[in-house]
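# Per-entry structural report
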There are 2 protein chains.
Amino acid sequence: MEHVAADADIAPVAALIADPTRAAILTALLGGQALAAGELARMAGVSAATASAHLSRLLDGGLVAVVRQGRHRYYRLAGHEIAEVLEVLARVGGRPAVRSLRQSRQARMLEEARTCYDHLAGRAGVGLFDRLREAGCLAGEEVTPEGERLLGGLGVDVEGARRARRRFAPECLDWTERRAHLGGALGAAITAVLFERGWYVRGPVPRTVNVTEEGREGLAALFSGKELTSHTPVT
Amino acid sequence: MEHVAADADIAPVAALIADPTRAAILTALLGGQALAAGELARMAGVSAATASAHLSRLLDGGLVAVVRQGRHRYYRLAGHEIAEVLEVLARVGGRPAVRSLRQSRQARMLEEARTCYDHLAGRAGVGLFDRLREAGCLAGEEVTPEGERLLGGLGVDVEGARRARRRFAPECLDWTERRAHLGGALGAAITAVLFERGWYVRGPVPRTVNVTEEGREGLAALFSGKELTSHTPVT
DNA sequence: CGCATCCTTCGACCTGCGACGAAACGTGCT
DNA sequence: AGCACGTTTCGTCGCAGGTCGAAGGATGCG
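Residues numbered from 1 in each chain as written. Chains lettered and ligands numbered in written order. Predicted model: local features only at pLDDT ≥ 70, side-chain atom pairs only at ≥ 80, totals over all residues. Heavy atoms only, no water.

### Looking at the protein's contact with DNA strand D
This is how the line gets drawn: The near set for a molecule or strand comprises every residue that places at least one heavy atom within 4 Å of it. Under this definition, polar contacts are N or O atom pairs within 3.5 Å; protein pairs additionally need one hydrogen-donor-capable and one acceptor-capable atom, and for neighbouring residues in sequence, both atoms have to be side-chain atoms. Helix and strand assignments follow DSSP, with helices taken as H or I runs no shorter than four residues and strands as E runs no shorter than two, numbered in order from the N terminus. Throughout, the ten residues Ala, Val, Leu, Ile, Met, Phe, Trp, Tyr, Cys and Pro are labelled nonpolar, Asp, Glu, Lys and Arg are labelled charged, and all others, Gly among them, are labelled polar.
Looking at DNA strand D, there are 22 residues lining it, with Gly38 and Tyr75 of chain A together with Thr50, His54 and Arg57 of chain B nearest. Taking Arg73 of chain A, its main chain carries an N or O atom lying 3.4 Å from a phosphate oxygen of DNA strand D. Between DNA strand D and His54 of chain B there is a distance of 2.4 Å, counted from a phosphate oxygen to a side-chain nitrogen or oxygen. Listed by contribution, the elements that provide at least two residues to the surface near DNA strand D are α3 (37-44), α4 (48-60) and β3 (72-77) of chain A together with α2 (20-29) and α4 (48-60) of chain B. Here the element with the most residues in the surface near DNA strand D is α4 of chain B; it accounts for four residues. Of the residues assigned to the surface near DNA strand D, the class counts are seven nonpolar, eight polar and seven charged.

Here you go:
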């Protein structure tokens, strides 16, 4: 007989994350991209059979979702709550020792700019957040009329983000920078536009992203108060 | 060779939470009270030896801290980050099936009012949060001058909370109510005052709290705009 | 000083589960 | 149809770690 009060069962979820191989898989998926089972196996450094077993368990547990496309099966995190769990765990987990030179290069790229499931993090993330604040776009967890104008001009659907079922514009603080960046529905919407415009592109290392030349110019123009040139979204 | 980029090691932390017995211990400690090793063993339904082994590992992992007092050893969570991890995990963990009548009573009490490590949660938590908003005390993640006056009169050290290293007034949404309540440094400061004044007291079931008669009257007076009677803090 | 209480350490047992290779399954290409 | 490739299933091995009882400190009480 359990004397502890009825509570959410946290152990099963934690157990799914507790295995190093599964943790590597989940961390790889934290980039926000859906990845094929084979790629995940390679990234985690295990055989295809082993990865498959892990993915099957993660699927059962509702941590990942799968979409079949031809003979590939692309896995992604099941939702932003899952990404939040991983981020919070990373925050208490502490930074690991960096071993090889190659890893230190990758680590530097991750610190520079990366995606945190569906929004921008790292130095780029906090930089963007700071610039939005300075420009008077944000007040607490709300967007000012000024911000509405600026983001609207960029092509961000602020109203749509506000109606989303998840939190609108929470500060999300990550484990590399010790400062906050913009998460939530608004952070995701802005990041989506940045990718769509080609201002940021995904880098070779799983979660990293890079700013493009257009991105550098576009962002500079955006915050210098100039109007943007007309925007032709990619279908 | 690991192909995954250098990242925080989340697996070891997750592994500590992954065991059902350790999860029960951590959940019990989520009430914010320090508990003796024996009590924790009883609550988790294991022998003293087993609990001791688990507590030792949790201590190593930095998830709990211990204070020796006579022949007792009181364990508590190591910090609010740990409580945050548990809350987030509980949110994705889903609600467990309620088995006995007794558990359903306890579950109802937990939903009514409980502590979430160091701040008020459950219906009481979201109620307080809503009333503070309605009274115009909060704007986004900031406190208005009006709020400063009202909370100051209550005896809350708003300035002290603002200087704390943790987030000031984040919304913390929990797994029973699907709404937000007040967490962070400010939430903790307010809750501390509520206990100090005797407006809330801890209930018999681990994480539950109960509002007292004084509490009901005091809160009503507070939000009806009246000034409070002078406050004599408990040493 | 000796006993009771609380907690930890030790030794032994046993279950759970993560690892792989080989083979089966399903899909796309020619 | 037949082959190639990505993925899952199956069978098996081996080890990590959770559990308990009993014994060994440590602390408070009379």
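### What about the relation of the copies chain A and chain B?
The following threshold applies: When the copies are overlaid, the least-squares fit takes in C-alpha atoms only where the residue has pLDDT of at least 70 in both copies. In what follows, a contact means two residues having at least one pair of non-hydrogen atoms within 4.5 Å.
Between chain A and chain B, the superposition needs a rotation of 180 degrees and an axial shift of 0.1 Å, giving an RMSD of 0.1 Å. Such a combination of rotation and displacement between the chain copies is what one expects of a two-fold axis. Residues of chain A ranked by C-alpha distance from the rotation axis are headed by Gly140 of chain A, positioned 2.1 Å from it. In this assembly, 100% of the residues forming the interface of chain A have copies in chain B that are likewise at the interface, indicating an isologous arrangement.

### Re the interface of chain A and chain B
The parts lose accessible area when they come together, and the size of an interface is often stated as this lost area. Heads up, the condition is: Accessible area that two parts lose when put together, with a 1.4 Å probe and added across both, is what the buried area reports. Every case where a carboxyl oxygen of Asp or Glu lies within 4 Å of a side-chain nitrogen of Lys or Arg is listed as a salt bridge.
Listed per partner, the contact involves 50 residues of chain A and 50 residues of chain B. In this assembly, chain A packs against chain B so that about 4,600 Å² is buried in total across both faces, 66% of it on carbon and sulfur atoms. At the junction of chain A and chain B, the tally comes to zero salt bridges. Those elements giving two or more residues to the side of chain A that touches chain B turn out to be α1 (11-18), α2 (20-29), α3, α5 (80-93), α6 (101-112) and β8 (171-173) of chain A. If you tally residues by element for the side of chain A that touches chain B, the top one is α5 of chain A, at eleven residues. Classifying every residue of the side of chain A that touches chain B gives 30 nonpolar, seven polar and 13 charged.

### Considering the pattern of salt bridges
Residue and element names in this part refer to chain A. Put simply, the rule is: Accessible area is worked out with a 1.4 Å probe on protein chains only. A residue is then buried under 20% of its type maximum, exposed over 50%, and partly exposed in between.
Tallying each qualifying case throughout the model produces 20 salt bridges over all chains. Between Arg207 and Glu87 there is a salt bridge, and its shortest N-O distance comes to 3.6 Å. A residue pair is termed long-range when its members are at least 10 positions apart, and Arg207 in the loop between β10 (200-202) and β11 (209-211) and Glu87 in helix α5 qualify at 120 residues. Residue classification places Arg207 among the buried residues on the basis of a relative accessible area of 3%. The partner of Arg162 in a salt bridge is Glu142, with the nearest N and O atoms 2.7 Å apart. Pair noted here: Arg162 is in helix α9 (residues 158-163) and Glu142 is in strand β7 (residues 142-143), with a separation of 20 residues, a long-range link. Looking at Glu142, the relative accessible area reads 36%, which means it is partly exposed.

### A word on the environment of Gln106 of chain B
Secondary-structure assignment places Gln106 of chain B in helix α6 (residues 101-112). For the pair formed by Gln106 of chain B and Val205 of chain B, sequence separation is 99 residues and the distance between their alpha carbons is 7.0 Å.

### So, the side chain of Thr27 of chain B
Relative to the assigned elements, Thr27 of chain B resides in helix α2. At 2.7 Å, the side chain of Thr27 of chain B and the backbone oxygen of Ala23 of chain B are in polar contact.

Just distances and angles here, no functional claims.
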